[in-house]
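Observations on chain architecture
Residue strings, one per chain:
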Amino acid sequence: MAHIPYRPAPVPAEEGLRRGEALLADLDGRRSVRMFSDAPVPRAMIETAIRTASTAPSGAHKQPWTFAAISDPALKRRIRVEAEREERKSYEERMSREWKDALEPLGTTWEKPYLEVVPWIVVLFAQLHAVDPQGERVRHYYVQESCGIAAGMFITSLHTMGLATLTHTPSPMTFLRLALDRPPNEKAMILFPIGYPAADATVPDLVRKPLEDVSVWFTG
Ligand code: IYR
């Protein structure tokens, strides 16, 4: 592949820090939301968030992701019914006492009414490998890492547009591949309900770990 010059406009450190602090303040205000408004969200905003996510770095630049965007009410209903069927089994039979205790402060249950309230659901599928036009398997690398980074950038984009979401992982998620008719090389990784938060939405009063608890420094 040809290499081309990369000359982003220089940012003086002071200005850079100011920008970083502004982004931090904005992202620190982001919360995972489970209470949504049914107010419509323009398709262009979902497209922008997907295009933003797709700028993420990825192993060997394979961009091993597919974002499935759903606004069809019948499909949202099906996803809710099937997600709740799995979640109910998880909460009642599969999750350990320790796991349920860890979730208790968040107040989550197997019920997911928001899956039908939101104007959009986006499912992030990780492409475990690709298939070329001759039907040959093409390897993908660091698929989980690449998709994880893309997911973070997707969430950041939604937040900056004033939208709310939740990283929802109904488990197992195989029903999503079937419901959305995706090929066997794609594995559902995260389901994002997307919309504006409900006017009376509440979120758990959680606290983020301070810098000292999330970093170690080696400065010589
Ligand atoms: N997937 C379930 C359970 C759940 C698990 C974790 I870890 C969370 O942080 C939140 C929920 C659910 O969506 O309810």
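Shown above is the structure to which this text applies.
Residues numbered from 1 in each chain as written. Predicted model: local features only at pLDDT ≥ 70, side-chain atom pairs only at ≥ 80, totals over all residues. Heavy atoms only, no water.

1. A look at the site of the ligand
The condition is simple: Proximity criterion: a residue is near a molecule or strand once any of its heavy atoms comes within 4 Å of it. We define a polar contact as two N or O atoms separated by no more than 3.5 Å, with the added condition that, inside protein, one atom must be a possible hydrogen donor and the other a possible acceptor, whereas residues neighbouring each other in sequence contribute only through side-chain atom pairs. In short, Shrake-Rupley with a 1.4 Å probe defines the accessible areas, and a residue's cover is counted only from the protein chains shown. Two kinds of site are reported from a 1 Å grid over the protein atoms alone, namely cavities, where a 1.4 Å probe fits but cannot get out, and pockets, open sets with protein on both sides within 12 Å along at least five of seven lines, and residues are called lining when an atom falls within 4 Å of a point. Assignment to a cavity or pocket requires that more than half of a molecule's atoms be within 2 Å of the site's grid points.
Close to the ligand lie Glu87, Tyr91, Trp99, Leu103, Thr109, Lys112, His168 and Thr169, which account for all nearby residues. Contact distances for the ligand include 2.5 Å between an oxygen atom and a side-chain N or O atom of Lys112. In this structure, His168 approaches the ligand through a side-chain N or O atom, which is 3.0 Å from an oxygen atom. Burial of the ligand by the protein amounts to 70% of the accessible area it has alone, namely 380 Å². Judged by the proximity of its atoms to the pocket grid, the ligand belongs to the largest pocket.

2. Looking at the pairing of strand β1 (residues 65–70)
Under the convention used in this document: Categorising residues by exposure relies on relative accessible area from a 1.4 Å probe, with only protein chains included: less than 20% of the type maximum marks a residue as buried, more than 50% marks it as exposed, and the intermediate range marks it as partly exposed. Where helices and strands are cited, they refer to DSSP runs of H or I of at least four residues and of E of at least two residues respectively, numbered from the N terminus. Pairing between strands is defined by DSSP: at least two bridges between them are needed.
In terms of residue burial, β1 counts as a mostly covered element, since five of its six residues are buried. Pairing analysis gives six bridges linking β1 to strand β2 (residues 120–127), with the strands arranged antiparallel. Each residue of the ladder has a partner; that of Thr66, found in β2, is Phe125.

3. A few points about the sheet that holds strand β6 (residues 186–195)
Note the following rule: By the convention used here, residues are in contact when the closest approach between their heavy atoms is within 4.5 Å. Every axis in this analysis is a line fitted to C-alpha atoms, fitted for helices over the stretch in contact. Angles between the N-to-C directions lie between 0 and 180 degrees.
Across the sheet, which stays open at both edges, the four strands sit in the order β1-β2-β6-β5 with antiparallel pairing between neighbours. Each edge of the open sheet carries a strand with a single partner, namely β1 and β5 (164–165). Of the strand pairs in this sheet, β5 and β6 are connected by two bridges, and their pairing is antiparallel. Paired with Thr165 across the strands is Ile194, a residue of β6. Against the sheet, helix α2 (residues 43–53) contacts β1, β2 and β6, and its axis sits at roughly 170° relative to β1.

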